[in-house]
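Structural characterization, general
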Amino acid sequence: MAPKPKEKPKPAPASQPAIAVEDLFTTLNRHVQRSEYEQAVKVADQVLSISPNDEDAIRCKIVALIKADSIDQALLTMESSRRLQFDLSFFKAYCLYRQNKLNEALESLKGQEGNSATMLLQSQILFRMGKMDASLDIYQKLQKSKIESLEINLVAGLVSAGKASEVQGVMEALRVKATSSFELAYNTACSLIEKNKYSDAEQLLLSARRIGQETLMDENLADDDIETELAPITVQLAHVQQLLGHTQAAIEAYTDIIKRNLADESSLAVATNNIVSLKGPKDVSDSLRKLDRLIEKGSGPPSFQLARDLDLKLSSKQREAIYGNRVLLLLHSNKMDQARELVAALSDMFPDSVMPVLLQAAVLVRENKAGRAEEILGQFSEKFPDKSKIVLLARAQVAASAGHPQVSAESLAKIPDIQHLPATVATLVSLKERAGDIDGAVSVFDSAIKWWSNAMAEDNKLNLIMQEAASFKLKHGRKEEAAGLYEELVKSHGSIEALVGLIKTAVYTDIDKAEAYEKQLKPLPGLKSVDVDGLEKTSGAVHVESRPHVGIAEPFEAKSKDKAKKKRKRKPRYPKGFDPANPGPLPDPERWLPKRERSSYRPKRKDKRAAQVRGSQGAVVKETPNANTKLNQLTNAKAAPQNAVAEPSKPSSKSSRKKSRN
């Protein structure tokens, strides 16, 4: 009997794979809703094993990898999907942004549609790059779009761009209250700090912490997680205490944050940096150890590179402050090689900042190379005139400390917006006077007087500047110019000081004018009762040439003798509780002498038993040196250094006497 032919396997229904994929997508969605991103990645891989080109599965896998902080794996997934036709450039730009590759991230966004998500990511990239104005422009364009919590980022952008004064107006335009969320309250408090309203900022930060605790408790977060989430508010409260001058309270708050370690890495880094800045040059080694906790693991002791997570999370301004404090601590601890190495690296880290060149000048000044420091600061100010103000001020300080007043004055003269200020005028005049440039000092006064004469300010300093200019010109022999300034002050302000100065100055140039203005002075009370003729006849007004010098000295000596006779005798001051009527026994007149020098001193008698002979009764021992006594001397000599080491400050006087007898 022939075998039956094998039945062919029935083909699976065409809908079976589709059903399996749908089930996998249902599972994938469930994992995403539960924030189980690692499981979501595994399910997405199962979908891709069935349908390798499924766009939804690839996008879900990339998003799950980003949510799980697996940025490198997300980029590899996108790289392996390049052959497919769908666009993943937005996800790539976000991953590059997370890796702090900001220029590449911006490049990846080029050609994208101008939708709200793309514009929001672009503004975040520009914000991290420090281009606050460009980031703020995008946020303002997004105001019309209904993006949730956009006002939080908008306020942060205004504060970072130096436009804290506009925050209140923007919030009123958006019809949003500062206490609508703890994030917005925190950002608004930062704007108040920028406006120096520290007390208001402190109250708003306390409200932000309370709102944050209530919000996060509603989300069923653990207490430690809530404290970690609100750590930036806690650090900012300590910073406000520092700004208010409550130094000890700020140090305690920073120390508590660091010890409890219930904060994110960036908040801990800010707290560490702030406590180091509060301590200053005190306990430099401890401050350096605190900053060493922030460095990249595996880097050698000479180098200083922030950990990668910190480098990504901290803003450019915060990183700059940490590196700057590190350099200053190295200078205080005289670690010049490390300071020089770190300063050289900062120029590449912060190319748009003035901090590296200022720290480089500080290192040169510490090495007694003030001339070189002045040179590099001058070159930087010429190369970047828009950033030259603080650099020129630093150059003026370095030059003045190094004894170069002319260089210091030239640096200050290159800052036009402070030339009219009284402090600048006084400093420039003093520097030019030290340099011997009197004409230059006078021109500084003249320029300041001209500026204040045309100024419409409420607090006009013209009177003060003219008064000092007249005094300076009078001091340096320019009496006519000084008289003109004093006369103008008298006519315009009616100043009594100016009137006195005018009279004193006009005496040298125009006596008639001096007498005319002298009549405007009010008479001093009590002068009418003074006999002027009698004053002239006193000994102080006698003409020296009419009498010999001996005749002048005789009456003076006689008066001095009379005064000596009339000198009042002071009563003696007795000790407390002493009765002069019953003084008691007289004190020992020898009480201040050493005991050896007193008449009552009796030296102690020598102990006769020390010379007794040990042995049998009746035995007679001749006092001759023998081997035993020599041995004793040797052993004593050997033991002496040990005793000397044990008690070096108390040598025996008896032993020294015995040695002198031998």
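Position numbers for residues start from 1 in each chain and track the written sequence from start to end. In keeping with the model being predicted, local features are shown solely for residues with a pLDDT of at least 70 and side-chain atom pairs are shown and tallied solely at 80 or more, while totals for entire chains, interfaces and linings include all residues. The basis for the side-chain values is all heavy atoms of the structure; hydrogens and waters are excluded.

1. Things to note about the overall build of the protein chain
What counts is decided by this rule: Here a strand is any run of E in DSSP of at least two residues, a helix any run of H or I of at least four, and the numbering for each starts at the N terminus. The contact definition used throughout considers only heavy atoms, calling two residues in contact when any of these lie within 4.5 Å. The protein chains shown are the only cover counted for residues, whose accessible areas, like all others here, come from Shrake-Rupley with a 1.4 Å probe.
From N to C terminus, the protein chain includes 34 helices and zero strands. Considering only contacts within the protein chain whose residues lie at least 6 apart along the sequence, 47% involve residues at least 24 apart. Only carbon and sulfur atoms are counted for the fraction: they give 52% of the accessible area of the protein chain, which is about 44,800 Å².

2. Re the packing of aromatic side chains
Defined as follows: Two rings from Phe, Tyr or Trp (for Trp, the six-membered ring) form a pair when their centres are within 6.5 Å of each other. A pair whose planes differ by under 30 degrees is stacked, one over 60 is edge-to-face, and the rest are tilted. Per-residue accessibility, obtained with a 1.4 Å probe over protein chains only, is compared with the maximum for each type, and a residue is labelled buried under 20%, exposed over 50%, and partly exposed between these values. Comment: the charge-over-ring label is applied if NZ (Lys) or CZ (Arg) is within 6 Å of the ring centre and within 35 degrees of the ring normal.
Under the criterion given, the structure shown has six aromatic pairs. Ring centres of Tyr 94 and Tyr 97 lie 6.1 Å apart, and the angle between their planes is 45°; on these two criteria the pair is classed as tilted. Here Tyr 94 and its partner Tyr 97 are both found in helix α5 (residues 89-98), three residues apart, which amounts to about one turn of the helix. The buried category is assigned to Tyr 97, whose relative accessible area is 9%. The ring of Phe 384 carries Lys 387 above its face, with NZ or CZ at 5.3 Å from the centroid.

3. Details of the pattern of salt bridges
Selection rule: A side-chain nitrogen of Lys or Arg and a carboxyl oxygen of Asp or Glu constitute a salt bridge if their distance falls within 4 Å.
Applying the stated criterion to the full structure yields 23 salt bridges. In this structure, Asp 437 engages Lys 432 in a salt bridge whose closest nitrogen and oxygen atoms are separated by 3.9 Å. Using a relative accessible area of 25% as the deciding quantity, one classes Asp 437 as partly exposed. Judged by its relative accessible area of 14%, Lys 432 is buried. Residues Asp 439 and Arg 478 are paired through a salt bridge, measuring 2.3 Å at the closest nitrogen-oxygen approach. Placement of Asp 439 in helix α26 (residues 438-454) and of Arg 478 in the loop between α27 (462-475) and α28 (479-493) is noted, with a sequence separation of 39 residues between them. The exposure class assigned to Asp 439 is exposed, which follows from its relative accessible area of 52%. Since its relative accessible area comes to 24%, Arg 478 is described here as partly exposed. Each member of the salt-bridge network shares a partner with another, and the members are Lys 279, Asp 286, Arg 289 and Lys 290.

4. Re the packing of α26 against α27
The test is simple: Axes here refer to lines fitted to C-alpha atoms; in helices the fit is confined to the stretch in contact. Angles between the N-to-C directions go from 0 to 180 degrees. Any angle between 65 and 115 degrees counts as roughly perpendicular, while under 35 counts as roughly parallel, over 145 as roughly antiparallel, and the rest as oblique. By the definition used in this description, the sense in which the near helix is turned from the far one sets the handedness, with an anticlockwise turn below a right angle giving left-handed and a clockwise turn giving right-handed. Amino acid classes used here: Ala, Val, Leu, Ile, Met, Phe, Trp, Tyr, Cys and Pro are nonpolar; Asp, Glu, Lys and Arg are charged; the rest, including Gly, are polar.
Running from amino to carboxyl end, α26 crosses α27 at an angle of 160°, the nearest separation of the two axes being 9 Å. In this view, α26 runs roughly antiparallel relative to α27, as classed from their interaxial angle. The handedness of the crossing between α26 and α27 is left-handed. Each of Ile 438, Ala 441, Val 442, Phe 445, Asp 446, Ala 448, Ile 449, Trp 452 and Ser 453 in α26 lies in contact with α27, whose residues at this interface are Leu 462, Ile 465, Met 466, Glu 468, Ala 469, Phe 472 and Lys 473. In the contact of α26 with α27, the residues fall into twelve nonpolar, one polar and three charged.

5. Let's talk about the packing of helix α7 (residues 116-128) against helix α8 (residues 132-141)
Close contact between α7 and α8 brings their axes to 8 Å; oriented N to C, the two are set at 160°. By the criterion of interaxial angle, the relationship of α7 to α8 is roughly antiparallel. α8 is crossed by α7, and the crossing has left-handed handedness. For the pair formed by α7 and α8, the contact residues are Met 119, Leu 120, Gln 122, Ser 123, Gln 124, Leu 126 and Phe 127 on the first element and Met 132, Ala 134, Ser 135, Ile 138, Tyr 139 and Lys 141 on the second. Residue composition of the contact of α7 with α8, grouped by class: eight nonpolar, four polar and one charged.

6. Quick notes on a nonpolar patch on the surface
Definition in use: Patch membership needs two things, relative accessible area over 30% and no salt bridge, and members are linked within 9 Å if like-charged or within 5 Å if nonpolar (Val, Leu, Ile, Met, Phe, Trp, Tyr).
On the surface, Ile 496, Val 500 and Leu 521 cluster together into a nonpolar patch covering about 230 Å² of accessible area. Mapped onto the elements of the fold, Val 500 is located in helix α29 (residues 496-509).

7. Side note on the side chain of Thr 424
Looking at the element boundaries, Thr 424 is found in helix α25 (residues 422-434). According to the relative accessible area criterion, Thr 424 is buried, its value standing at 9%. Residues within four places of Thr 424 in sequence aside, it is in contact with Ile 418 and Gln 419.

8. Concerning a negative patch on the surface
Where we set the bar: Counted as positive: Lys and Arg. Counted as negative: Asp and Glu, with His and the chain ends omitted from the count. Think of each charge as sitting on NZ of Lys, CZ of Arg, CG of Asp or CD of Glu.
Judged by side-chain charge, Glu 183, Asp 218, Glu 219, Asp 223, Asp 224, Asp 225 and Glu 229 come together as a negatively charged surface patch. Broken down by element, the residue count for the negative patch peaks at four residues, all from helix α13 (residues 223-229). In this structure, Asp 224 sits in helix α13. For Asp 224, a relative accessible area of 46% puts it in the partly exposed group.

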